[in-house]
Structure formats: C-alpha cells, structure tokens
Amino acid sequence: MFLKKAAVSILVILTILVSYMVGVAPTVAAASAPLEGKTIVLDAGQGEGSDVVFLYYSEHVAMLYLSHAIRQRLESFGATVRLTRPGNANVTLPVRCAWINIWSLEAIRAVTTDPMQIDEINGLISVMMGIVNDPTGAEGRRLMNIPFNASREVHHDLRRIFELQNHPVIRDNFLAISLHSNGAPSPINPAIRGAEVYFINPATNTNTHRYFPGFSFTQESRRFGDILLNHIHMEGIPRRQHGLRAENFFMIREINVPAVLSENGFHTNPQDRAMLMSNEFLGRLANAYVRAIFEHYRIEPPHNEGPWAELPSFTGATGAGSWVRNGAIWQYRFDAGGYATGWLQVDGLLYFFNNSGHMQTGWVRYSDDWYFLRPSGAMSTGWVLSGGHWYFMRTSGAMATGWINDGGIWYYLRSTGAMATGWVEYGNEWYFLRPSGAMASGWVLSGGHWFFMNQSGVMQTGWIQSGGLWYYLQSNGSMATGTITIDGSRHSFAGNGRWLG
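Nothing here was measured: the structure is a model prediction, and the numbers come from that model.

### Considerations on the overall build of the protein
Of the regular secondary structure elements, the protein holds 12 helices and 26 strands. Within the protein, buried positions represent 53% of all 501 residues. Look at the contacts in the protein between residues 6 or more apart in sequence, and 61% of them connect residues 24 or more apart. For the protein, the exposed surface amounts to about 22300 Å²; the carbon and sulfur share of it is 51%.

Laid out in structure tokens, this is it:
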C-alpha cells in the first residue's frame, strides 16, 4: 500500500495450523508459486453470536479455522488470499459482500489504463466502503437486497459494479468461496449428512433473474463446485445427491465473480459433526479445497511439496507423554521420564512450561518477543484481548508492533503492542484508525471536522477532488467551509465543503 508499510516484515518461526479461536496463517516461501496472480476470497460465514452452536459444535469457530488453514496452504503457493471475516467477531452479510466487490474492483483497476474508468472504479469502491463503514447497516440495505425483496432490481451502482466485474481478470484469476456447515430442518433428522455446494444461475431461478439477469460466471462457478464436491468426498464427507445446485443466496447474489457457497457436511449428523470438530480433519479438508482450486485453474500442483506434505513441527520439546495436574498447576510428563520445559507441541497446539515444568498462561517473554498463552495454556495467534486492549500475535505467536495487514485491512500497533485507534503520526504523516482499529481512507469525521485520507491512509491537505467536486483541506487537514483566503485569493465553500468559487 505504501512503502513504509510494505517494509513491515512477517517473521515465520514455524508453520502450524491456526488455533481454534483465532489465527492468521503464515506466508510460507515455496520452491514455486504456481498460484501467483490468483486472488482467492474465503468467507468464513457468520461470526460469534450469529452462528449455529449445536452439541458443543460451533460453526463460526470451525469455519474460521478452516478458512485460515486454506489460506495458509494457498499462500504457500503464491496466491493472494482475502478473508471477509478474519477473526471471531461477526461481520454482516452486506459488509462481507462489499469487501468481495472492493477486492474485485481493485483487481480490475490494477490492469486498467483508462484514467476515466479508474476514476469510475475509485468512485464505486467508495460506494462499497460506505457499506463497510456504516455501523447502522442502512447503506447495506439501500445498496443490496436485504431483507430480500423478490420484486426488487439491483441498485444502479451495484449493477455497474456487476458490469465491470464481467472482465477477463475476474474470470481467470478471481474466486470467492463462502464456507459453512449445514443443519437438518426441524424436526432434526440426524441421518441427513453430506456436502452441498451452491452457485448463482438466473436461468433456473426466477427471483435471481428478476434481480439481475446478467450474472457472468455461472458455468465457472458450477464447474468449481463440482470439482470441490469430489475432493470433499475423497476426504470422507459424502457428496449429497443433487448436492450441486443453483440458489438465490445472498453471498453469491450480491457479487458477480466466480463464487460458490459450500456446506461442508451437516453438524446435525453425528458422523459429519465429529469430523468437523477435529482439527486433523479440518486440515485434510483444507487440502481438499487447495486441490480443487488447482484443478479448477488447470494447474498441476508441484510434487513433493506444498500443503498436503507433512507440516514441519515446532522445534521445541517433543515426545510421547501425558498431562499431569497438581492442584492448579499443569505439567506434561514424558513417558520416557521427566517433565517438559520450554515450548512443547501437543496435539498441534503449542504450550510453554517454565524451568520448574509448570504450564504458563497469560503473557510470556521468550527470546526478546512477547507471547500470549490462553487460559488453556495454548499459544495464541491472531487477535487477543488483554487488559482492555487488542493485540495481534503473528503466526509464530510473537506479538506484533507497527503496521500489520490482516484480511486486507491495515492496523497500527503501538510499541506496547496495543492496537491504536484515532489519530496516529507515523513517518511525518497523519493516519486515522477507526474504533475497530481499521485504517481509514476517504472522508473521516473527527472532533466535529471533516478530514480526507488518501488510499494509503495519509491525511491530505490543500485542494482535492472527490466525487467530481473540489474541496480545500486546511493545514491541519480540516475541510474548509465558508469564505477563506487561499494563496491571496478569496474562495467560498458550502457547508458540506463543496467549492463554490
């Protein structure tokens, strides 16, 4: 995005599957990058508080784990991976679709040379950012069909986005996958099981055709769905009869890119649920997705390397043993004798034991880095809430500082590791971080004044053009209104900042 941020390095100490709660997968250097140039969007569905919890199974946890496991593998082959829901927090349907539209428009803009079309794309990105930045959800309801109205036609701005998305770079290099698990209808029939995949097809759905008849990638989406079902079946979840079909689902209706919505088995079925609650199975399921993507793009995966190869283990202590509890203290005793100290990997999770062999929780300093261990003792990756502040732990577990990019969103972490909000000065430039920590671009209201941040997040001063109108930003960045003198000349501005002359 900008040079100083691009210089932020990601130290990969180990390659492990992400923790069950949150995580961000590493970018692992591979001998080859056969998926370079491909953008894969992974949508982990509903977040915490909005998903299904059934007999100790939590859909949002399992699908988040799966999305990060797929991401880890795809990035090892050079793909660009975007996550619509990178953490546990719920992200609404319109916001998740808005991000997919934004990322696809950015891909089109990257290969566009027409300055007028670039301006149009920037304007439409701003329209989608209006959905992302609206906590009330009103923009999502205005621009997208929610709640669903069968007589409604697509909004003119979204229609134009759909028209632009009918582009070779989207057809050949862009794919969106929405990840879910299914539940049998009430009354629950636990015998129903298996995987299903849905795609958009206005030719077979009256409501879809009425909304927008010109979806561009029905055949590509159907083909990928068919491939994906076969690979899921090979990992042990059967392919349901008529499991590949067109539906008018929001996550594939409010975008016009190659896209599927996958139901990875029925959590109401004991066999499917047991597999979906297994980290080992979710890792194999992630491999199935990667294999399907290679087949979809007709790319031969490299041999003897990659996501289906054995993942390297952490370099700490290993060995068969068992957990031992002594009052409030947990230890790990090896079958060969002695107790674990330092780092230990158990069932794919990392734990840290002090010199007395006691399992640690909370903050731990190790080799000049800080790590956070959950109450269970498992090492955290991804976002952590501690003492009222958010922190980000890299895939190595080490606490991050400075700029990070998570799920396509930039955040700034202070020297203490705490996530910043509000104004931040960095490299003699000013940035604004929203209450969520996300770096702002476009118009920002702060302290009763409007400011404008460019696409790199830098606060602007002087004359700018936005939406075809001219504005003037004073030396402190605030938008001018009324009549002021600029370079010796008097200029008038409306109450909304629009230059009047």
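### Some thoughts on the layout of surface pockets
For the second largest pocket, the calculated volume is near 740 Å³. For the second largest pocket, the lining is made up of 23 residues, of which Asn122, Ser126, Phe452, Ser466 and Gly467 are closest to its centre. Counting only elements with at least two residues in the lining of the second largest pocket, the list comes to helix H4 (115-132), strand S21 (442-446), strand S22 (449-453) and strand S23 (462-466). At 8 residues, the largest contribution of residues to the lining of the second largest pocket is made by H4. Split by residue class, the lining of the second largest pocket holds 6 nonpolar, 13 polar and 4 charged.

### Side note on the pattern of salt bridges
Taken as a whole, this structure holds 15 salt bridges when the rule is applied. Arg160 is paired through a salt bridge with Glu120; the nearest N and O atoms lie 2.6 Å apart. Taken together, the residues span a long stretch of sequence, with Arg160 in helix H6 (residues 156-165) and Glu120 in helix H4 at a distance of 40 residues. When its relative accessible area of 28% is taken as the criterion, Glu120 is described as partly exposed. Its salt-bridge partner being Arg291, residue Glu235 comes within 3.5 Å of it at the nearest N-O pair. You can see Glu235 sitting in the loop between helix H9 (218-234) and strand S7 (239-246) and its partner Arg291 sitting in helix H12 (residues 279-296), a full 56 residues away along the chain.

### Observations regarding the confidence of the model for the protein
The share of residues in the protein with pLDDT of 70 or more is 89%, and the mean pLDDT across the chain is 86. Across residues 1-31, where pLDDT falls below 50, the model places 97 contacts with residues more than four positions away in sequence or in other chains. For residues 303-318, every residue scores under 50 in pLDDT, and the model assigns this stretch 35 contacts once sequence neighbours within four places are set aside.

### Some words on the packing of aromatic side chains
Per the counting criterion, the structure on display carries 35 aromatic pairs. For the pair Trp363 and Tyr391, a centre-to-centre distance of 5.0 Å together with 70° between the ring planes defines the contact as edge-to-face. A residue pair is termed long-range when its members are at least 10 positions apart, and Trp363 in strand S13 (residues 362-366) and Tyr391 in strand S16 (residues 389-393) qualify at 28 residues. Judged by relative accessible area, which is 29%, Trp363 ranks as partly exposed.

### With respect to a nonpolar patch on the surface
Where nonpolar side chains cluster on the molecular surface, the patch consists of Leu55, Tyr56 and Met277 and spans about 400 Å² of accessible area. Within the secondary structure, Leu55 sits in the loop between strand S2 (53-54) and strand S3 (57-58).

### Quick look at unusual backbone geometry
A negative phi angle characterises most non-glycine residues, just as the trans form characterises most peptide bonds. Here the residue pair Ile146 and Pro147 is connected by a cis peptide bond, since its omega of -5° sits within 30 degrees of zero. Inspection of the secondary structure puts Pro147 in the loop between helix H5 (138-143) and H6. Positive phi outside glycine occurs at Asp487, with the angle close to 50°. Here Asp487 is to be found in the loop between strand S25 (482-486) and strand S26 (489-493).

### A few points about the environment of Ala184
Tracing the chain through its elements places Ala184 in the loop between strand S5 (174-182) and strand S6 (195-199). Assessed through its relative accessible area of 9%, Ala184 is described here as buried. Between the C-alpha atoms of Ala184 and Asn269, which are 85 residues apart in sequence, the distance is 8.2 Å. Excluding residues that lie within four positions of it along the chain, Ala184 makes contacts with Asn189, Ile192, Phe266 and Thr268.

### Section: helix H2 (residues 59-76)
Over its 18 residues, H2 extends 26 Å from the first C-alpha to the last, a length consistent with the 26 Å expected when each residue adds 1.5 Å. When you tally the buried positions in H2, you get 18 out of 18 residues, the bulk of the element. Downstream of H2 by a residue or two, Gly78 has a phi angle that is positive, lying close to 95°.

### Concerning the sheet that holds S6
If you trace the 6 strands from one edge of the open sheet to the other, you get S4-S1-S5-S8-S6-S7, paired in mixed fashion. The two strands at the open ends of the sheet, each matched to only one other strand, are strand S4 (80-83) and S7. Between one strand axis and the next, the sheet turns by 20° as a mean value, whatever way the strands run. For strand S1 (residues 39-43) and S4, the ladder comprises 4 bridges, and the chain directions are parallel. Bridging across to S4, Thr39 finds its partner in Thr80.

### Looking at the environment of Ala420
Within the secondary structure, Ala420 is located in the loop between strand S18 (409-413) and strand S19 (422-426). Sequence separation between Ala420 and Leu433 is 13 residues, and the spatial gap between their C-alpha atoms is 6.7 Å. Apart from residues no more than four positions distant in its own chain, Ala420 is found in contact with Tyr412, Arg414, Leu433 and Gly437.

### Re the packing of helix H3 (residues 93-109) against H6
Interaxial distance between H3 and H6 falls to 10 Å at its minimum, and their mutual angle equals 45°. Considered as vectors, H3 and H6 are oriented oblique to each other. As for the relative orientation of H3 and H6, their crossing is left-handed in sense. Between H3, through Asn101, Ser104, Leu105 and Ile108, and H6, the contact on the second element is made entirely by Leu158, Ile161, Leu164 and Gln165. Split into classes, the residues belonging to the contact of H3 with H6 amount to 5 nonpolar, 3 polar and no charged.

### Notes on the side chain of Ser396
Relative to the elements of secondary structure, Ser396 occurs in the loop between S16 and strand S17 (402-406). With relative accessibility at 3%, the residue Ser396 sits in the buried group. A distance of 3.3 Å separates a polar atom in the side chain of Ser396 from the backbone nitrogen of Ala398.

The rules we used
Residues numbered from 1 in each chain as written. Predicted model: local features only at pLDDT ≥ 70, side-chain atom pairs only at ≥ 80, totals over all residues. Heavy atoms only, no water. Helix = DSSP H or I, 4+ residues; strand = E, 2+ residues; numbered from the N terminus. Buried < 20%, exposed > 50% of the residue type's maximum accessible area, 1.4 Å probe, protein only. Contact = heavy atoms within 4.5 Å. Areas by Shrake-Rupley, 256 points an atom, 1.4 Å probe, with all protein chains shown as cover. 1 Å grid on protein atoms, 1.4 Å probe; cavity = no way out; pocket = protein on both sides within 12 Å on 5 of 7 lines; lining within 4 Å. Points joined across faces, edges and corners; volume = space filled by probe spheres on them. Nonpolar A, V, L, I, M, F, W, Y, C, P; charged D, E, K, R; others polar. Salt bridge = Lys/Arg side-chain N within 4 Å of Asp/Glu carboxyl O. pLDDT = per-residue confidence, 0-100. Phe/Tyr/Trp six-rings, centres within 6.5 Å; stacked < 30°, edge-to-face > 60°. Patch = residues over 30% accessible without salt bridge, like charges linked within 9 Å, V, L, I, M, F, W, Y side chains within 5 Å. Expected span 1.5 Å × (residues − 1). Pairing = 2+ DSSP bridges. Axes fitted to C-alpha atoms, helices over the stretch in contact; angles between N-to-C directions. Parallel < 35°, antiparallel > 145°, perpendicular 65-115°, else oblique. Left-handed = near helix turned anticlockwise from the far one by under 90°. Polar contact = N/O pair within 3.5 Å; in protein donor to acceptor, adjacent residues only side chain to side chain.

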